[in-house]
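Descriptive analysis of the structure
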Amino acid sequence: MPNTAYLDKLEQDITKMVTITLEEDIGDGDITAELIPATQNSSAQIITREDCVIAGKVWVNEVFAQLDKQLGTKTSIIWHVNDGDKATANDVLFELNGNARTLLTGERAALNFLQLLSGTATKCQQYADSVKHTHVRLLDTRKTIPGLRTAQKYAVTCGGCYNHRIGLYDAFLIKENHIAACGGITQAIYTAKQNHPNKPVEIEVESLTELQQALIAGADIVMLDNFSIDELKEGVALTKKFNKQEGAEVKLEASGNINHETLVANAETGVDYISIGAFTKHCVAVDLSMRATC
């Protein structure tokens, strides 16, 4: 934690995402692009209409690589930015040269990926910049668009934030309902460590009393859910004292309705992590435009 293990499978995910997207958009043929002579070539510039942080180059490249393979064409892409770069309104992000039908058929799929992922990266950068004076790491969550989790988690890192667990398989996050079903905090943590001793165990607590229970039971990370600022400060002090006495390294994560207005105050309490679902579930796509010349 934070986790980047998914990067090992990201290349395969990109291929799958683009394949599904093109099938969804093109179906049995782009009937509008067929109005253009099959041998006609074209050039295009893709610009951003607003300031943003870039994420999604590989998805764009994959869109045109797959189309070239399907249509027997060859598209040249000249990039002027890299993922993680800041772009200013009206900047040219990349240029396309190739078969006119291919460029127009791939336009929407390519820009959909780039605008969504850049929107995620841009929001993350805004949040990260506001707490850079603290040691806190801002984390995403599993509140992602279905089928696009690894893409959005990649975009989060382009914006200077970090990844929480990728799914239900790579780390424990024991929440209220799990605790109740397991018979309590201590039993839930004990069973987790018995079942998967090499997986990090995080547990959600709702009070300082529950935090103490989680510390004694051996949690690796404790999520402080909807704690007030004063409660977070008390929790940080309590955990520091416990870590010093026990030689432990328990980390604290703040979570629950934290937005840009309340972020700094939460970060300044001294927690190690803050998780924010809005990075991926409330993302707003960047406004991009393609200008083609025949």
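The structure displayed is predicted, hence computed values, not measured ones.

Here's the deal with the sheet that holds strand β12 (residues 288-293)
Ordered by their spatial adjacency, 4 strands build an open sheet running β3-β5-β1-β12, and the pairing between neighbours is antiparallel. Looking at which strands have only one partner, the edges of the open sheet turn out to be β3 (76-79) and β12. Each neighbouring strand pair of the sheet contributes to a mean axis angle of 15 degrees, computed without reference to strand direction. Pairing of strand β1 (residues 41-48) with β12, which is carried by 6 bridges, proceeds in the antiparallel orientation. Bridge pairing in β12 links I46 to M290.

Considering the packing of helix α7 (residues 208-217) against helix α8 (residues 229-246)
With their axes 11 Å apart at the nearest point, α7 and α8 run at an angle of 25 degrees to one another. In terms of orientation, α7 and α8 fall into the roughly parallel class. For the pair α7 and α8, the crossing hand works out as right-handed. Two secondary-structure elements touch here, α7 through L208, L211, Q212, L215 and I216 and α8 through E231, E234, G235, L238, T239 and F242.

A few points about the packing of aromatic side chains
Under the defined criterion, the tally for this structure stands at 3 aromatic pairs. Centroid distance Y127 to F279: 5.2 Å. Interplanar angle 85 degrees. Geometry classified as edge-to-face. Within this pair, whereas Y127 is found in helix α3 (residues 100-130), its partner F279 is found in helix α10 (residues 278-281), the two being separated by 152 residues in sequence. Take Y127: its relative accessible area is 7%, and that puts it in the buried class. Note that R137 overlies the ring of Y162, its terminal NZ or CZ placed 4.2 Å from the centroid.

Things to note about a negative patch on the surface
Residues E50, D51, D91 and D287 make up a contiguous surface patch of negative charge. Position of E50 relative to the elements: it lies in the loop between β1 and β2 (52-53). Judged by its relative accessible area of 32%, E50 is partly exposed.

Quick word on α7
Residues L211, A214 and L215 constitute the buried set of α7. The buried side chains of α7 occupy one side of the element, clustering within an arc of 100 degrees when seen end-on. The inward-facing, buried residues of α7 contact α6 (185-195), β8 (201-205), β9 (221-225), α8 and β10 (251-255). The first or second residue beyond α7 is G218, which carries a positive phi of 100 degrees.

Topic: unusual backbone geometry
In most cases, non-glycine residues show a negative phi, while peptide bonds are predominantly trans. Backbone geometry at N90 places phi at a positive 80 degrees, although glycine is not the residue there. Among the secondary structure elements, N90 is positioned in the loop between β4 (86-87) and β5 (92-99). Overall, N90 belongs to the exposed group, its relative accessible area being 56%.

Some points on the sheet that holds strand β11 (residues 273-275)
Spatially, 6 strands are ordered β6-β11-β10-β9-β8-β7 in an open sheet, and the strand pairing comes out parallel. If you trace the sheet from one side to the other, it starts and ends with β6 (137-139) and β7 (172-174), each paired once. On average, adjacent strands in this sheet sit at an angle of 25 degrees to one another, irrespective of strand direction.

Section: the environment of E231
Looking at the element boundaries, E231 is found in helix α8. In this structure E231 comes out as partly exposed when scored by relative accessible area, which is 34%. Remark: the alpha-carbon pair of E231 and E50, spanning 181 residues in sequence, is separated by 39 Å. Those residues in contact with E231 that lie beyond four places of it in its chain are L208 and N226.

Brief notes about the nonpolar core
Among the nonpolar cores identified, the biggest contains 41 residues, and W59, V63, F64, L93, F94, L96 and L114 are the most heavily contacted of them. Counting only elements with at least two residues in this core, the list comes to α1 (7-26), β1, β2, α2 (57-71), β5, α3, α4 (149-158) and β12. In this structure W59 touches L10, I14, M17, V18, F113, L117, A151 and Y154, once residues within four positions along its chain are discounted. The next biggest cluster of nonpolar side chains, apart from the first, holds 38 residues, and it includes V131, V205, A214 and V236.

So, the state of the cysteines
If you walk through the whole model with that rule in mind, you get 0 disulfides. No disulfide involves C52; its nearest neighbouring cysteine sulfur is the one of C158, lying 12 Å away.

Things to note about the side chain of T122
Summarising the element assignment, T122 is placed in helix α3. Looking at T122, the relative accessible area reads 12%, which means it is buried. For T122, the side chain forms a polar contact with the main-chain nitrogen of V53, separated by 2.8 Å. Residues contacting T122, with those up to four places away along its chain left out, are D51, C52, V53 and V286.

Definitions and limits used
Residues numbered from 1 in each chain as written. Predicted model: local features only at pLDDT ≥ 70, side-chain atom pairs only at ≥ 80, totals over all residues. Heavy atoms only, no water. Pairing = 2+ DSSP bridges. Helix = DSSP H or I, 4+ residues; strand = E, 2+ residues; numbered from the N terminus. Axes fitted to C-alpha atoms, helices over the stretch in contact; angles between N-to-C directions. Parallel < 35°, antiparallel > 145°, perpendicular 65-115°, else oblique. Left-handed = near helix turned anticlockwise from the far one by under 90°. Contact = heavy atoms within 4.5 Å. Phe/Tyr/Trp six-rings, centres within 6.5 Å; stacked < 30°, edge-to-face > 60°. Buried < 20%, exposed > 50% of the residue type's maximum accessible area, 1.4 Å probe, protein only. Lys NZ or Arg CZ within 6 Å of the ring centre and 35° of its normal. Patch = residues over 30% accessible without salt bridge, like charges linked within 9 Å, V, L, I, M, F, W, Y side chains within 5 Å. Areas by Shrake-Rupley, 256 points an atom, 1.4 Å probe, with all protein chains shown as cover. Salt bridge = Lys/Arg side-chain N within 4 Å of Asp/Glu carboxyl O. Lys, Arg positive; Asp, Glu negative; His and termini not counted. Charge placed at Lys NZ, Arg CZ, Asp CG, Glu CD. Arc of directions from axis to C-beta. Core = buried A, V, L, I, M, F, W, Y, C linked by side-chain atoms within 4.5 Å. Disulfide = S-S within 2.5 Å. Polar contact = N/O pair within 3.5 Å; in protein donor to acceptor, adjacent residues only side chain to side chain.

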